[in-house]
Amino acid sequence: MNEERRICSVCGEFHPQAEMELAFRRPDLVCELPVAEREADCLESDDICILRKEHYFIRAVLPMPVADRKEPYRIGLWVEVDKVDFQRVHALWDDPAQADEPPFAVRIANHIPQLPQTLGLSASLQLTGRTTRPEISIGDPAHPLYTEQQDGIDMGRIDEYNHLF
Ligand SMILES: [Zn+2]
């Protein structure tokens, strides 16, 4: 079937394949801050956030294999890392060999609606390259997101993710 002309199982419309991917703009903790506090206490960009020099966040992607499709589906998520790991990632930011670095232990910093709590879920973060976002591997085998990443998802599940926001 030509994916470009596939009818969305949620809304019945056509969506070009690349049109939508679920992505969180900022870590939940940052989004929940009152504006004045956020301006005073949070250093933020589309790649990193530092809150009160206590919380260190990095933007990453969670790739999931898709049945009958070469390209994985990627959810844009933030992870929280320890300060020492954040400094290490920062030091490697422009390093062409950064993908050789072993993965970092991280916590997911967003809750994905309609799943058991994903905020704080343990995961690992693998650097991938200078121009590509780091990739997340979910670490908790008891969580459905772990199963989806291991076993893959189908196009109907992608439709559901794309319509969460
Ligand atoms: Zn739709």
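Per chain, residue numbering runs from 1 following the sequence as it is written. With pLDDT at 70 or above as the cut-off, local features in this predicted model cover only qualifying residues; side-chain atom pairs require 80 or more to be listed or tallied, and sums for whole chains, interfaces and linings still use all residues. To obtain the side-chain values, all non-hydrogen atoms of the structure were included, while hydrogens and water were left out.

1. Section: the coordination of the zinc ion
- Distances from the zinc ion to its protein donors, Cys8 (SG), Cys11 (SG), His15 (NE2) and His163 (NE2), fall within 2.1 to 2.3 Å.
- Coordination at the zinc ion is tetrahedral: its 4 donor atoms span angles of 101 to 114 degrees at the metal.
- Excluding water, the donors of a metal are its N, O and S neighbours within 2.8 Å, or within 3.2 Å for Na, K and Ca, and that exclusion means sites may look incomplete. In the primary sequence, the donor residues of the zinc ion line up as C-x2-C-x3-H-x147-H. Taken as a pair, Cys11 in the segment before helix H1 (28–31) and His163 in the segment after helix H5 (155–162) lie far apart in primary sequence, 152 residues in all. Working rule for geometry: tetrahedral if four donors all subtend angles between 85 and 135 degrees; square planar for four, octahedral for six, if opposite donors exceed 155 degrees and the others stay between 65 and 115; irregular in every other situation. The helix and strand labels rest on DSSP assignments: H or I over at least four residues marks a helix, E over at least two residues marks a strand, and numbering proceeds from the N terminus.

2. Quick word on helix H3 (residues 83–92)
- Buried residues of H3: Asp85, Phe86, Val89 and Leu92, and no others. Seen along its axis, H3 keeps its buried residues to an arc of 130 degrees; they face one direction. Opposite the packed face of H3, turned more than 90 degrees from it, sit the exposed residues Val84, His90 and Ala91.
- For H3, the elements touching its buried residues are strand E2 (48–51), strand E3 (55–66), strand E4 (69–81) and strand E5 (104–108). Each residue is assigned to one of three classes by its accessible area relative to the maximum for its type, calculated with a 1.4 Å probe on protein chains only: buried under 20%, partly exposed between the two thresholds, exposed over 50%. Along the arc lie the directions from the helix axis toward the C-beta atoms. Residues are treated as being in contact if the distance between any of their heavy atoms lies within 4.5 Å.

3. Structural notes on the pattern of salt bridges
- Any Lys or Arg side-chain nitrogen located within 4 Å of an Asp or Glu carboxyl oxygen qualifies as a salt bridge. This structure, assessed with the given rule, holds 11 salt bridges.
- Across the pair Asp47 and Arg133 runs a salt bridge whose closest N-O atoms are separated by 2.9 Å. Placement of Asp47 in the loop between strand E1 (42–44) and E2 and of Arg133 in the loop between strand E6 (122–126) and strand E7 (135–138) is noted, with a sequence separation of 86 residues between them.
- The class for Asp47 is partly exposed, based on a relative accessible area of 30%.
- With its nearest N and O atoms 2.8 Å apart, the salt bridge here joins Glu160 to Arg157. Of this pair, Glu160 and Arg157 both sit in helix H5, separated by 3 residues, roughly a single helical turn.
- Glu160 sits in the partly exposed class, given a relative accessible area of 39%.
- Given the relative accessible area of 17%, Arg157 is considered buried.

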